[in-house]
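Secondary and tertiary structure notes
Okay, here's what each chain looks like letter by letter:
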Amino acid sequence: MTIGSSTKIDYYHTLCEVLESSKIKFSTLKPSEWAERNLVMGKPFPGPFSYRRTPYTQEIVDCLAADNPARTVAVMGSAQWGKTAGIIIPGIGFIINND
């Protein structure tokens, strides 16, 4: 009987290890932080990406993080205020990098 008991303990530890390794691990990096570390812009503002030019888009893109309670993000704005460069490109890049 001790062999069976030992086997049960081994199964239990193995199960615990499998469950622990299969947990979803969220990135601790916000999408805006990821964008500033990884994106490089071309014309008209060449160089590393920064939210200094469009700080109002930073909070919107951070809603795309997996641990953010928002499940739907809707944006309404005028033309050419930074939606593509400040929200769409960083958001898609962050999601692809972390999936």
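Our structure's up above, just so we're on the same page.
A few words now on helix α4 (residues 83-98). With 16 residues, α4 should cover 22 Å at 1.5 Å per step; its first-to-last C-alpha distance of 21 Å lies within 8% of that length. Those residues of α4 lying buried are G86, I87, P90, G91, G93 and F94. At its buried positions, α4 is contacted by α2 (31-38) and α3 (58-62).

Once that is clear, we can look at a nonpolar patch on the surface. Taken together, the side chains of L64, V73, V75 and I95 make up a nonpolar region of the molecular surface, amounting to roughly 260 Å² of accessible area. Of note, V73 is situated in the loop between α3 and α4.

So, on to unusual backbone geometry. Cis geometry marks the peptide bond from K43 to P44, where omega comes out at 0 degrees. Structurally, P44 is set in the loop between β1 (40-41) and β2 (47-48). Despite not being glycine, Q80 shows a phi value in the positive range, around 55 degrees. Topologically, Q80 is positioned in the loop between α3 and α4.

We now examine the layout of surface pockets. By volume, the largest pocket amounts to about 360 Å³. Forming the boundary of the largest pocket are 16 residues, of which M41, F45, F49, S50 and R53 lie nearest the centre. Those elements that place two or more of their residues in the lining of the largest pocket are β2 and α4. For the lining of the largest pocket, the residue count by class is seven nonpolar, six polar and three charged.

Time to look at the packing of aromatic side chains. If you walk through the whole model with that rule in mind, you get two aromatic pairs. Note on F49 and Y51: the rings are 4.8 Å apart at their centroids and 90 degrees apart in plane angle, and the pair reads as edge-to-face. Grouping residues by exposure puts F49 and Y51 together as buried. When the centroid spacing of 5.7 Å and the interplanar angle of 45 degrees are considered together, the rings of Y56 and W81 count as tilted. On the criterion of sequence distance, the pair formed by Y56 in the loop between β2 and α3 and W81 in the loop between α3 and α4 is long-range, its members being 25 residues apart. Its relative accessible area of 17% is what places W81 among the buried residues.

Cut-offs used in this document
Residues numbered from 1 in each chain as written. Predicted model: local features only at pLDDT ≥ 70, side-chain atom pairs only at ≥ 80, totals over all residues. Heavy atoms only, no water. Helix = DSSP H or I, 4+ residues; strand = E, 2+ residues; numbered from the N terminus. Expected span 1.5 Å × (residues − 1). Buried < 20%, exposed > 50% of the residue type's maximum accessible area, 1.4 Å probe, protein only. Contact = heavy atoms within 4.5 Å. Patch = residues over 30% accessible without salt bridge, like charges linked within 9 Å, V, L, I, M, F, W, Y side chains within 5 Å. Areas by Shrake-Rupley, 256 points an atom, 1.4 Å probe, with all protein chains shown as cover. Salt bridge = Lys/Arg side-chain N within 4 Å of Asp/Glu carboxyl O. 1 Å grid on protein atoms, 1.4 Å probe; cavity = no way out; pocket = protein on both sides within 12 Å on 5 of 7 lines; lining within 4 Å. Points joined across faces, edges and corners; volume = space filled by probe spheres on them. Nonpolar A, V, L, I, M, F, W, Y, C, P; charged D, E, K, R; others polar. Phe/Tyr/Trp six-rings, centres within 6.5 Å; stacked < 30°, edge-to-face > 60°.

Remember, this is a structural readout, not a statement about activity or role.
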